[in-house]
Amino acid sequence: MSSAPARRFTTRRQVLAGSGATAVSIAFAGAFSELFAGTAAARGHSGYGPLVPDPDGLLDLPKGFRYRVLSREGDRLRSGEGQVPSNHDGMAAFAGRRGRVHLVRNHENRVTAKIAVPAVDGLTYDPMGKGGCTALELDSRGAVLGERVAIAGTAVNCAGGRTPWNTWLTCEETEDRAGTNGYTKDHGFIFEVDGADPHRTGAVPLTAMGRFQHEAIAIDPNNGIVYETEDAFEKPFGLFYRFLPEKPLGGTGSLRAGGELQAMRVPGVPDLSVIQETGASFDRIEWVPVPDPQAAGTPIRLQDFGPKGITHAQKLEGCYWGGSSVYFVSSFAQSAAGSAADHFGQVWRYEPKHRRLTLVVVFGPGTDVQLPGESPDNICLSSDGGLMVCEDGNGAQHVFGVTRSGEVYAMARGRQNIGTPQEPEWGEFAGVTFAPDGGTMFVNCYTPGTTFAVTGPWR
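Note that residues are indexed from 1 along each chain, following the sequence as it is written. Only residues with pLDDT of at least 70 are given local features in this predicted model, and only at 80 or more are side-chain atom pairs given and counted; all residues enter the totals for whole chains, interfaces and linings. With hydrogens and water excluded, all non-hydrogen atoms of the structure serve as input to the side-chain values.

- Under an unreviewed UniProt entry, the name given to the protein chain is Alkaline phosphatase PhoX, and the organism recorded is Streptomyces sp. 900116325.

This is the structure in structure tokens:
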């Protein structure tokens, strides 16, 4: 472990109060410029102004911005295959022909889901699985041209990630086996989805990439190595993985050729939550082959990785590639749940060239943990050179922007109360992503499932 600087918290209470998010107090610590390696230069702004209450009670945005509802849970799919499924989660946008955009959207449906992803011939893995993906096609002006099933019969499709050849890898966040919860096949896999032509990818599990509670992935565009996060719900918590494909960067279907799955070991650190100082860095990171990637008898995180053990972390979620590094998020850690220490969110950076792991940013509410500003989840690089962060915590839910200089501002606030007036509860945000031209931000409300397109004076 290299020397770490003193912890620096930068509270953005004034910025957020000025944005209309008066109940929000966030503290971030860390070198924010590291989060944006390889992106456009920052414009130095600190937000887009106060959030204006939405008279329709769906989404508050700054003045000059507007939203359109592209799709809502329970509506009819334009393909005629059934209803729009529940639980909108991870999502990505891809360029199509003649200025069109293809959105691929996860549905994190368990067996108890209200509306399942409809089963479609050639696109259904397990008839008893209620999860999967739907795909929307938008014209050059953002109007919805089509909406259909992209994969069905999977389970708990949480997040995922895009490939360099413009397909989506959707991740099952479960380890349920055939015979559990009525499933007829094992679950806990990654599936490749082509939003423009779903039948080209079908419903084939990428078994060599491991069977565990997947969350998200990011691919090194230089060599095709896939990094994977595991959001395990119980102690011992999840691991951070890399997959070395036999046919790297080979295009659609190349990941089916197999490869080797490995787990990250930080020497001397069995639990990442104990690292509390931003800038703390570890060299000589080790990658240990996973004994049984299929977890036929024992979940991977419980398998024997030798006398040195393996490194765990609670709530490993978002994952993305930037510059020459992969970044991944631990949304929170709670000692009461079995974690070695407490925190309200971490962002880690791994540099493959140097085998170095660094704690880049620590999240945390400046005052009460019940207020917004903790538990970062989905993250994406924004069109203005900054970062957009979906909040999955307590209180009203926000999409926050973070500039390269560390300014934090509220970009959107959900208004859909899914609780009661006495005990309000708001659906979390998920799947934030930008159109290829940067002119539209797409984001989901998880419950009730809603997909928004946000346009306005993006810098």
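## As for the pairing of strand 13 (residues 214-219)
Part 1: Burial of strand 13 is extensive: 6 of the 6 residues sit out of reach of the surface.
Part 2: Strand direction decides the pairing type here: strand 13 and strand 14 (residues 226-230), joined by 4 bridges, are antiparallel. Pairing of isoleucine 217 across the sheet is with glutamate 228, part of strand 14.
Part 3: Between any two strands, at least two bridges found by DSSP are needed for them to pair. A helix here means a DSSP run of H or I that spans at least four residues, while a strand means a run of E at least two residues long, and both kinds are numbered starting from the N terminus. Taking the residues that link successive antiparallel strands as the turn, the strand 13-strand 14 hairpin has 6 residues, and the phi of glycine 224 there is positive, at about 80°. Type-normalised accessible area, obtained with a 1.4 Å probe on protein chains alone, sets the label of each residue: buried when under 20%, exposed when over 50%, and partly exposed for intermediate values.

## Considerations on the sheet that holds strand 5 (residues 66-72)
Part 1: Spatially, 4 strands are ordered 5-29-28-27 in an open sheet, and the strand pairing comes out antiparallel. Since the sheet does not close on itself, it has two edges, and those belong to strand 5 and strand 27 (429-434), each with one partner. On average, adjacent strands in this sheet sit at an angle of 20° to one another, irrespective of strand direction.
Part 2: As paired elements, strand 5 and strand 29 (residues 450-455) share 6 bridges and run antiparallel to each other. Residue pairing in the sheet places arginine 68 in a bridge with alanine 453 of strand 29. Every axis corresponds to a line fitted to the C-alpha atoms, with the helix fit spanning only the stretch in contact, and the corresponding angles, defined between N-to-C directions, vary from 0 to 180 degrees.

## With respect to the side chain of histidine 312
Part 1: Structurally, histidine 312 can be placed in the loop between strand 18 (286-289) and strand 19 (316-322).
Part 2: Contacts described as polar in this section are N or O atom pairs within 3.5 Å, which, within protein, must combine one atom able to donate a hydrogen with one able to accept it, while residues neighboring in sequence count only if both atoms come from side chains. Only 2.6 Å separates the side chain of histidine 312 from the backbone oxygen of phenylalanine 237, close enough to count as a polar contact.
Part 3: Residues are treated as being in contact if the distance between any of their heavy atoms lies within 4.5 Å. Discounting chain neighbours no more than four positions away, the residues touching histidine 312 are Pro236, Phe237, Gly238, Leu239, Pro270, Asp271, Leu272 and Arg301.

## Brief notes about the environment of glycine 182
Part 1: Looking at the secondary structure, you find glycine 182 in the loop between strand 11 (168-172) and strand 12 (190-193).
Part 2: For the pair glycine 182 and methionine 128, spaced 54 residues apart in sequence, the C-alpha to C-alpha distance is 6.6 Å.

## Overview of the nonpolar core
Part 1: Formed by 26 residues in total, the largest nonpolar core has its most connected members in Tyr227, Phe240, Met264, Leu272, Phe328 and Leu357.
Part 2: Secondary structure elements with two or more residues in this core: strand 13, strand 19, strand 20 (325-330), strand 21 (346-351) and strand 22 (356-365).
Part 3: If we skip the residues at most four places from it in the chain, leucine 357 touches Met264, Val266, Leu272, Ala280, Ser281, Phe282, Ile285, Phe328, Trp348, Arg349 and Tyr350. We call a set of buried residues a nonpolar core when its members are Ala, Val, Leu, Ile, Met, Phe, Trp, Tyr or Cys and they connect through side-chain atoms within 4.5 Å of each other.

## So, the sheet that holds strand 12
Part 1: Pairing in this open sheet of 3 strands is antiparallel, and the strands run 10-11-12 from one edge to the other. Strands with a single pairing partner mark the edges of an open sheet, and in this sheet they are strand 10 (157-162) and strand 12. Taking each pair of neighbouring strands and ignoring which way they run, the sheet shows an average axis angle of 30°.

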